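# Notes for the structure review
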Amino acid sequence: MLRHEFHPGKLVAGLCLLTVAVVYAGDAGGAWDAPWFVALPLMMAGLFLAGVAAAIHGIRPRGAARSGDGVGGIREPRDQGLS
């Protein structure tokens, strides 16, 4: 089975949006009082961090782990450049 490629920017963005949802769920449940404008700085910071994570992931050098040998000399279609 082919696995999908890891995208850390999407992970960070999803976690930040989940944080906004938890903050407003806590506000709706009466656990604390969150002002209506708290989502804007949380989302902007989350999108910024997601962009930084995606940029770092995109520019990092590919090490020997991605050289194409695979584990134990077994090649997978994604290692051979086939989709």
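Use the structure listed above.
These numbers come from a predicted model, not from an experiment.

### Comments concerning the overall build of the protein
A tally of helices and strands in the protein yields two helices and zero strands. When the 83 residues of the protein are sorted by exposure, 16% land in the buried category. Entry remark: accessible area of the protein is about 6700 Å², with carbon and sulfur atoms responsible for 69%.

### Considering the environment of Val12
Relative to the helices and strands, Val12 is located in helix α1 (residues 8-29). Taking C-alpha positions, Val12 is 6.9 Å from Gly46, a pair spaced 34 residues apart along the chain. Those residues within four positions of Val12 in sequence are excluded, and the remaining contacts are Gly46, Leu49, Ala50 and Ala53.

### Some remarks on empty space enclosed by the protein
This structure, assessed with the given rule, holds one cavity of 30 Å³ or more. In this model, the largest cavity occupies a volume close to 30 Å³. Forming the boundary of the largest cavity are Ala13, Cys16, Leu17, Met43, Gly46 and Leu47. Residue assignment for the lining of the largest cavity shows that the elements contributing at least two residues are α1 and α2 (39-59). When the residues that make up the lining of the largest cavity are grouped by side-chain class, the tally is five nonpolar, one polar and no charged.

### Quick word on the packing of α1 against α2
The geometry of α1 relative to α2 is characterised by a closest axis approach of 7 Å and an angle of 165° between their N-to-C directions. In terms of orientation, α1 lies roughly antiparallel with respect to α2. Helix-helix and strand crossings are classified by hand; for α1 and α2 the assignment is right-handed. Residues Pro8, Gly9, Val12, Ala13, Cys16, Leu17, Val20, Val23 and Tyr24 of α1 form the contact with α2, whose participating residues are Ala39, Leu42, Met43, Gly46, Leu49, Ala50, Ala53, Ala54 and His57. Of the residues in the contact of α1 with α2, the class split is 15 nonpolar, three polar and no charged.

Reading the values: rules and limits
- Residues numbered from 1 in each chain as written.
- Predicted model: local features only at pLDDT ≥ 70, side-chain atom pairs only at ≥ 80, totals over all residues.
- Heavy atoms only, no water.
- Helix = DSSP H or I, 4+ residues; strand = E, 2+ residues; numbered from the N terminus.
- Buried < 20%, exposed > 50% of the residue type's maximum accessible area, 1.4 Å probe, protein only.
- Areas by Shrake-Rupley, 256 points an atom, 1.4 Å probe, with all protein chains shown as cover.
- Contact = heavy atoms within 4.5 Å.
- 1 Å grid on protein atoms, 1.4 Å probe; cavity = no way out; pocket = protein on both sides within 12 Å on 5 of 7 lines; lining within 4 Å.
- Points joined across faces, edges and corners; volume = space filled by probe spheres on them.
- Nonpolar A, V, L, I, M, F, W, Y, C, P; charged D, E, K, R; others polar.
- Axes fitted to C-alpha atoms, helices over the stretch in contact; angles between N-to-C directions.
- Parallel < 35°, antiparallel > 145°, perpendicular 65-115°, else oblique.
- Left-handed = near helix turned anticlockwise from the far one by under 90°.

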